[in-house]
Amino acid sequence: MNIEEIQLMCNRIIEETGKVFVAANNDVLKKILSGFLAGGHILFEDNPGLGKTLLVKVFAKATGCNWNRIQFTPDLMPADIIGTKVWRGMNSNFEIEKGPIFTNFLLADEINRAMPKTQSSLLEAMEEHQVTIEGITYSLGSLFTVMATQNPIEMEGTYPLPEAQMDRFMMRVSMGYLDSTEKEAEILRRRVSWKKDDPSEDVKSVITRDDLMKLQLEVENVYVDENILCYITEIVRSTRRNPSVRLGSSPRGGLALFKLSRAFALLSGRDYVIPDDIKYLAVDSLSHRLMLNIESIMDGITAESIILSILNAVEVPKNYTRGI
Ligand SMILES: Nc1ncnc2c1ncn2[C@@H]1O[C@H](COP(=O)(O)OP(=O)(O)OP(=O)(O)O)[C@@H](O)[C@H]1O
Ligand SMILES: [Mg+2]
């Protein structure tokens, strides 16, 4: 595939999604699509009713993928996600019943409502794209992506995600409320023309699953100059030196920023990464990995503000090549 073909495909996905989902701007969709192309899991941290479920359904449909949703609750067990052995009276034997995790896009709604044991059953799946049921390992395929949601304000009855689980998300995104009456009214206007609440069934598949896999492979060919690799590393290492931070970003955070920036470059019609890609994606790929100390939290310092100050302080590479 050449760069024009790639950009055309990506634009088709964004356009088809935008027909149903009203986004503040195309950048939000571009960021989320970068996450998919980079093969990453995404954590949506947003209030209820902002269209998270709709977005996942529409993206899945537009890319020819299938999806499942699991509502996380305190009594959800690992077997409810992964699957288990069940007795089939008719055949007089036990059979493996695969759980909802066997899909391309898994929407894990309100992930922090489940017990840690259940949350951690997602760990193996997220990292290795495989699960083990009764000692047998099953592959989930390369397109397997977890899109989890959590509500940022509600704390009661929740189990905050442990650091290890947080780290497995390539990015954390907050879509937030639409920024104008004009755009929010568009949701209602569309509802008038659809004459139904769920328009996702009318969404067309504008690419196939094979195309999506090919796009993911293309991300691997995007060129990143040595000076840009050092720029990413310096940003990541600075998070560990910051006095407000108790736990800085892991090397996995650096890899996430690296992979996302390659995907974002492709979506922008380039086959090389520029420093602006890194600046644009640093907060989304790193902020959820930082644990601040209590005093800083009390002072109103946030992980986002720390990353922004790091971006201001770290020298931006001026010399970088755009390919070999
Ligand atoms: N940006 C948007 N564009 C189009 N429709 C929207 C948008 N935001 C919300 N809606 C509409 O609002 C309703 C609620 O959306 P949805 O169920 O996707 O929200 P949610 O974020 O998943 O909520 P919850 O956190 O409660 O699960 C749907 O009917 C959806 O069509
Ligand atoms: Mg929802």
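The rules we used
- Here the residue numbering is sequential within each chain, running from 1 through the sequence in written order.
- By the order in which they are written, chains take letters starting at A while ligands take numbers starting at 1.
- In view of the model being predicted, local features appear only for residues whose pLDDT reaches at least 70, and side-chain atom pairs are presented and counted only at 80 or more, with totals across whole chains, interfaces and linings using the full set of residues.
- Remark: hydrogens and water are excluded; side-chain values derive from all non-hydrogen atoms of the structure.
- Salt bridge, as used here, is a side-chain nitrogen of Lys or Arg placed within 4 Å of a carboxyl oxygen of Asp or Glu.
- A run of H or I in DSSP counts as a helix once it spans at least four residues, and a run of E counts as a strand once it spans at least two, with each numbered from the N terminus.
- Accessible area is worked out with a 1.4 Å probe on protein chains only. A residue is then buried under 20% of its type maximum, exposed over 50%, and partly exposed in between.
- For this description, a residue counts as near a given molecule or strand if any of its non-hydrogen atoms is within 4 Å of it.
- Polar contacts, as counted here, are pairs of nitrogen or oxygen atoms within 3.5 Å of one another; within protein the pair requires one atom able to donate a hydrogen and one able to accept it, and residues that are adjacent in sequence qualify only if both atoms are side-chain atoms.
- What sets the accessible areas is the Shrake-Rupley method with a 1.4 Å probe; for residues, cover comes only from the shown protein chains.
- Classes in brief: Ala, Val, Leu, Ile, Met, Phe, Trp, Tyr, Cys and Pro nonpolar; Asp, Glu, Lys and Arg charged; the others, Gly included, polar.
- One less than the residue count of a helix, multiplied by 1.5 Å, gives the span that helix is expected to have.
- Residues count as neighbours in contact if any of their non-hydrogen atoms are within 4.5 Å of one another.
- Paired strands are those between which DSSP finds at least two bridges.
- Note on geometry: axes are lines fitted to C-alpha atoms, helical ones only across the stretch in contact, with angles between N-to-C directions running from 0 to 180 degrees.

Novice: Could you give an account of the pattern of salt bridges, with specific residues and numbers?
Specialist: Two side chains with opposite charge may pair up if their charged atoms get near one another. Applying the stated criterion to the full structure yields 24 salt bridges. Residues Arg262 and Glu220 are paired through a salt bridge, measuring 3.4 Å at the closest nitrogen-oxygen approach. Highlighted residues: Arg262 in helix α10 (residues 251-267) and Glu220 in the loop between α8 (209-219) and α9 (226-241), separated in sequence by 42 residues. Taking the relative accessible area as the measure of exposure, Arg262 reaches 10% and is therefore buried.

Novice: Report on the side chain of Ser250, specifying residues and quantitative values.
Specialist: Its place among the elements puts Ser250 in the loop between β10 (245-247) and α10. Judged by relative accessible area, Ser250 falls into the buried class, the value being 18%.

Novice: So what's going on with the site of ligand 1? Residues and values would help.
Specialist: Taken together, the residues surrounding ligand 1 are Val20, Phe21, Val22, Pro48, Gly49, Leu50, Gly51, Lys52, Thr53, Leu54, Ile187 and Asp197. Residue Leu54 places a main-chain N or O atom 2.9 Å away from an oxygen atom belonging to ligand 1. Considered on its own, ligand 1 offers 630 Å² of accessible surface; in the complex 72% of this is hidden by protein. If one sorts the elements of the shell around ligand 1 by residue count, helix α3 (residues 52-62) sits on top with three residues. Classifying every residue of the shell around ligand 1 gives seven nonpolar, three polar and two charged.

Novice: Before we move on, can you summarise helix α7 (residues 181-194) with the specific residues and values?
Specialist: Along its 14 residues, α7 runs 20 Å from first to last C-alpha, staying within 8% of the 20 Å computed at 1.5 Å per residue. With its phi angle positive at about 60°, Lys195 sits one or two positions after the end of α7.

Novice: Please set out the environment of Ser180 residue by residue, giving values where relevant.
Specialist: Positionally, Ser180 belongs in the loop between β9 (171-173) and α7. For Ser180, a relative accessible area of 25% corresponds to the partly exposed category. C-alpha separation for the pair Ser180 and Ala24, spaced 156 residues apart in sequence, amounts to 8.4 Å.

Novice: Outline the environment of Thr118, supporting the account with residue identities and numerical values.
Specialist: You can see Thr118 is positioned in helix α5 (residues 116-128). Note on Thr118: relative accessible area 0%, which makes it buried. If sequence neighbours within four positions are ignored, Thr118 has contacts with Leu76, Met77, Pro78 and Ile81.

Novice: Can you explain unusual backbone geometry? Please cite residues and give values.
Specialist: The backbone phi angle of His129 is positive, close to 55°, even though this residue is not glycine. Summarising the element assignment, His129 is placed in the loop between α5 and β6 (130-133). Classification of His129 by relative accessible area gives buried; the value is 18%.

Novice: Outline the sheet that holds strand β8 (residues 145-150), listing residues and values.
Specialist: Pairing within the open sheet is parallel, and its five strands lie in the order β2-β5-β8-β1-β9. Across the chains shown, the open sheet's two edge strands, defined by having one partner strand only, are β2 (67-71) and β9. Adjacent strand axes in the sheet meet at a mean angle of 20°, parallel and antiparallel pairs treated alike. Pairing of β2 with strand β5 (residues 105-109), which is carried by five bridges, proceeds in the parallel orientation. Paired with Ile70 across the two strands is Ala108, which belongs to β5.

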